Each structure stands twice: as structure tokens, then as C-alpha cells.
Amino acid sequence: MALSLDAWKGLSMGAFSAVSILGAAIAVVMKARANQLYVSCGVLFSGGVLLAGGFVHLLGDSNEQFSKMGYAFPWAYFVAGATIAGLACIELTLDRFIGDYMKSHQRKNEASGDDVSNDLGTAEDPSTQSLLEAQDEVEEHDHSHVHPDNPFSAVLLTIALSIHSIMEGLGIGASQDVNEIRSAFIAVMAHKGFTAFALAQGLVSSGYWVDRAQRKYFYISVATFVLVGLIGIGIGWASSTGAAEENAASATLIGITSGSFIYVAVLEILPPETKTIKRERLSLIPTLFFFLAGYGLMSLLALWV
């Protein structure tokens, strides 16, 4: 028997939580990088799925809802574009905030290092060098890096990833068509595990799991990531309850989800993976194949849903 709309939303809450926890657990069990080629192929596949989900499925659904309500202005495209612009602004602000915080911490360490070197003739403070390396990675736009000497960076990392999670949840919760929510469900499921893995992998590789004193930050970050996704679904679900079949709130939230999918695929997945492929000299054939396969298969799904 086919699932109802509410059943899909309930399933989404359980399934997204489970796959997020699974992705984080895999990062803990591995405690080291998997074969980079396999990881990149999986991440690029999810990127292709998100790109098709944003352009082929959700953007069209949002535009159709606005058109049925008689709006002449292309609100669906405006909302999706505004979402991409807004996320970019948030991203740039967070990166600047992280960079300024690191530089402030660096200057304090340099001042204390100078005092120590004057008294003992010691070399450069190791913690300062670690922060410099961390700052370099932030400037390269790598959200998987946090540093154990800076617990606040774990909070910023969690916020950056959770913003995408809550927007995905809003679109799922606001859906008012079974076929629409089915395609969004597949796109989010394909991406959610890799996002949770990236979050947990960054925390594990930076010592938040191995060091029991720091492990609380690991649990808080992963739990927050899971929780905000559930909150997003709940808010979207509540906004659609008792409303007309087609309404501006639902169409807007679906447009926001479309924009967030496109943003994650184009600006969060492709640039860092391109750098990884170049740095690690990974084979282009399998990586391109999985990216195009993700986009193609998700696009073909539009024939049935």
C-alpha cells in the first residue's frame, strides 16, 4: 500500500536521523580516512543527486505551485536564487568570523610565546603553528576541519552544516504532494549520510573522539545536526497542516529547499572535491561517472514521480 503524505514525513524524520547517526558512526569506527577514491565517488554521486533534485524536481514543483496561484512573477526562481545568495553570505560571514577568531587566538599565543622565548630561548609555540595550519584550511573553505584547542570551531562547523540540514527539513515538511516529497526524500537520503560522515570525520580526526575530555563536543555537534533536521521537518509540516493544497508558504519552502540543494552541490561539494581530485591525483573516469550517474538517475526519476 502506498504511503500517505504524513507517513512520508514521519518516515523522513526517522530515516534521516538513522542515516545521519550511521554516517557519524562509520567515521568513528574507521578513525582514519577511507580510500579517498571511494569517498570522492560517493560524495560526487550525492552531489549529482542534489543538483538534479534542485533543478529537475523541486524548482519545477515550486514554480508550478506559484503558477497555479496566479503569480506572474517567477517567484520560484527568485526564492531559489535568494536562498543561494543568502547561504553564500552566511558562509562568507562564518569563514570571516572563524578567521578573525583564529588570528586573535594566534596573536595571544605569539605574545605568550615571545615571553617564553625571551626567558628560555624556545622556538615557535607549537599551538600557534597548529592554529596557523587550521587557519589555512579555513581559508581553503574546508568545513571538515576543526581544532581541539579551539572548541568554538566545533560549534561553527556544526552551525554551517546544520543550516543546510534545517532547510532540507523545511522543504520535506512543507511538501503537499506524495511524488514531490518522494523525490526530495531520495535526494536528501543520498546526501545526509555523507554530510554526517564529513562532520564526524572532521571531529574525530581533530581529536574530539579520542580525547574523552573533548568527546562531549562530538556528541553535541552530531546531536545538534540531527535535531535541527527534525525541527526543520516539524516546522514545515506544521506550516502545511490545514492549509489549501497549493499555498504560498509551501511553494516558498520548496523553492528554498531547491536553492539549498543547488548551493550544496555547486558550492559545497564540487569545489572541494575538485581540489581533492587534483591533489590526490584521483582517476577522473570513476569520479566523473558517479557524478553524472547521480545526476542522470535522479533526473530520470522525474518520469515516475
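As the structure is a prediction and not an experimental result, all values here were calculated from the model. (Residues numbered from 1 in each chain as written. Predicted model: local features only at pLDDT ≥ 70, side-chain atom pairs only at ≥ 80, totals over all residues. Heavy atoms only, no water.)

## Looking at the overall build of the protein
Defined as follows: Secondary structure elements follow DSSP: runs of H or I of four or more residues count as helices, runs of E of two or more count as strands, with numbering from the N terminus. For every residue, the accessible area (1.4 Å probe, protein chains only) is compared with the maximum for its type, and the residue is labelled buried under 20%, exposed over 50%, or partly exposed between those bounds. In what follows, residue pairs with any heavy atoms lying within 4.5 Å of each other are defined as contacts. The protein chains shown are the only cover counted for residues, whose accessible areas, like all others here, come from Shrake-Rupley with a 1.4 Å probe.
Helix and strand content of the protein: nine helices and zero strands. Each helix (α) and strand (β) of the protein, taken in turn from the N terminus, gives the series α-α-α-α-α-α-α-α-α. By residue count, 47% of the 305 residues in the protein fall in the buried class. Partitioning the contacts of the protein with sequence separation of at least 6, the portion at a separation of at least 24 is 85%. With the model as given, the accessible surface of the protein reaches about 14700 Å², and the carbon-plus-sulfur share is 66%.

## A closer look at the packing of helix α2 (residues 36-68) against helix α9 (residues 284-300)
What counts, and what does not: To get an axis, a line is fitted to the C-alpha atoms, and for a helix only the part in contact is used. The angle between two axes follows their N-to-C directions and goes from 0 to 180 degrees. Just so you know how the angles are binned, under 35 degrees is roughly parallel, over 145 roughly antiparallel, 65 to 115 roughly perpendicular, and the rest oblique. Handedness of a crossing follows from how the near helix is turned relative to the far one, being left-handed for an anticlockwise turn of less than a right angle and right-handed for a clockwise one. Just so you know the grouping, Ala, Val, Leu, Ile, Met, Phe, Trp, Tyr, Cys and Pro go in nonpolar, Asp, Glu, Lys and Arg go in charged, and all remaining residues, Gly too, go in polar.
At a minimum axis separation of 7 Å, α2 and α9 run at an interaxial angle of 30 degrees. Classed by the angle they form, the pair α2 and α9 counts as roughly parallel. As for how α2 packs across α9, the hand of that crossing is right-handed. Taken together, the residues of α9 that come into contact with α2 (itself represented by L37, C41, L44, F45, G47, G48, V49, L51, A52, G53, V56 and H57) are P286, T287, F290, F291, A293, G294, Y295, L297, M298 and S299. Here the residues of the contact of α2 with α9 sort into 15 nonpolar, seven polar and no charged.

## So, the environment of A223
Within the secondary structure layout, A223 lies in helix α7 (residues 215-240). With a relative accessible area of 44%, A223 lands in the partly exposed category. Here the alpha-carbon distance between A223 and I21, two residues 202 residues apart in the chain, equals 8.6 Å.

## Remarks on the side chain of T257
The following threshold applies: Each polar contact in these results corresponds to two N or O atoms within 3.5 Å; when the atoms are within protein, one needs to be able to donate a hydrogen and the other to accept it, and residues that are neighboring in sequence are counted only if both atoms are side-chain atoms.
As for its placement among the helices and strands, T257 is situated in helix α8 (residues 248-280). The class for T257 is buried, based on a relative accessible area of 2%. From its side chain, T257 meets the backbone oxygen of L253 in a polar contact 2.9 Å long. In contact with T257, other than residues within four places in its own chain, are L58, M167, E168, L170 and G171.

## Section: helix α1 (residues 5-30)
Inclusion rule: Between the first and last residue of a helix there are one fewer steps than residues, each counted as 1.5 Å, and that sum is the expected span.
In this model, α1 (26 residues) spans 37 Å end to end at C-alpha, consistent with the 38 Å of a helix rising 1.5 Å per residue. Those residues of α1 that fall on the buried side of the exposure criterion are W8, K9, S12, A15, F16, S17, V19, S20, G23, A24, A27 and V28.

## Examining the pattern of salt bridges
Let me state the cut-off plainly: A pair is scored as a salt bridge if a Lys or Arg side-chain nitrogen falls within 4 Å of a carboxyl oxygen belonging to Asp or Glu.
If you walk through the whole model with that rule in mind, you get two salt bridges. In this structure, R279 and E280 form a salt bridge, with 3.5 Å as the shortest nitrogen-oxygen distance. Judged by relative accessible area, E280 falls into the partly exposed class, the value being 41%.

## Quick notes on a nonpolar patch on the surface
For the record, the criterion: Residues with no salt bridge and a relative accessible area higher than 30% make up the patches, which join like charges within 9 Å and nonpolar side chains (Val, Leu, Ile, Met, Phe, Trp, Tyr) within 5 Å.
A cluster of nonpolar side chains, contributed by Y71, F73, W75 and F78, occupies part of the molecular surface with about 410 Å² of accessible area. Within the fold, F78 resides in helix α3 (residues 75-120).

## Points about the confidence of the model for the protein
Quick note on the threshold: Each residue carries a pLDDT value, the predictor's own confidence for that position, ranging from 0 to 100.
Put simply, the protein has an average pLDDT of 78, and 80% of its residues get 70 or more. In the model, residues 120-151 has pLDDT below 50 throughout and makes 59 contacts with residues more than four positions away in sequence or in other chains.

## Description of the packing of aromatic side chains
Under the convention used in this document: Pairing of aromatic rings covers Phe, Tyr and Trp, the last counted by its six-membered ring, and requires centre-to-centre distances within 6.5 Å; plane angles under 30 degrees mean stacked, over 60 mean edge-to-face, and any other angle means tilted.
In total, this model carries ten aromatic pairs according to the counting rule given. Plain terms: the ring middles of W209 and F218 are 5.1 Å apart, the flat faces sit at 65 degrees to each other, and that makes the pair edge-to-face. Considered together, W209 and F218 belong to a single accessibility category, that of buried residues. Centroid distance F289 to F290: 5.5 Å. Interplanar angle 85 degrees. Geometry classified as edge-to-face. The class for F290 is partly exposed, based on a relative accessible area of 34%. A network of ring pairs unites the aromatic residues W8, F16 and F185 as a single cluster.

## Here we look at unusual backbone geometry
Within the chain, R281 stands out as a residue other than glycine whose phi angle is a positive 55 degrees. Within the secondary structure, R281 is located in the loop between α8 and α9. Overall, R281 belongs to the exposed group, its relative accessible area being 74%.

## Looking at the environment of S46
Position of S46 among the secondary structure elements: in helix α2. A residue is classified by how much of its surface remains accessible, and S46, at 1% relative accessible area, is buried. A sequence separation of 219 residues divides S46 from A265, and the C-alpha atoms of the two residues are 8.1 Å apart. Not counting residues within four places of it along the chain, the set of residues in contact with S46 comprises A190, H191, F194 and I269.

## Some details on the nonpolar core
Under the convention used in this document: The set of buried Ala, Val, Leu, Ile, Met, Phe, Trp, Tyr and Cys residues whose side-chain atoms join them within 4.5 Å is what this entry labels a nonpolar core.
By size, the foremost hydrophobic cluster in this structure holds 29 residues, and its most contacted members are F16, L50, I172, A187, F261, I269 and M298. Looking at this core, the elements with two or more residues in it are α1, α2, α6 (178-205), α8 and α9. Of all the elements, α2 adds the most residues to this core, at eight residues. Ignoring any residue separated from it by four or fewer positions in sequence, one finds I172 in contact with K9, S12, F16, I181, A184, F185, V188 and I233.

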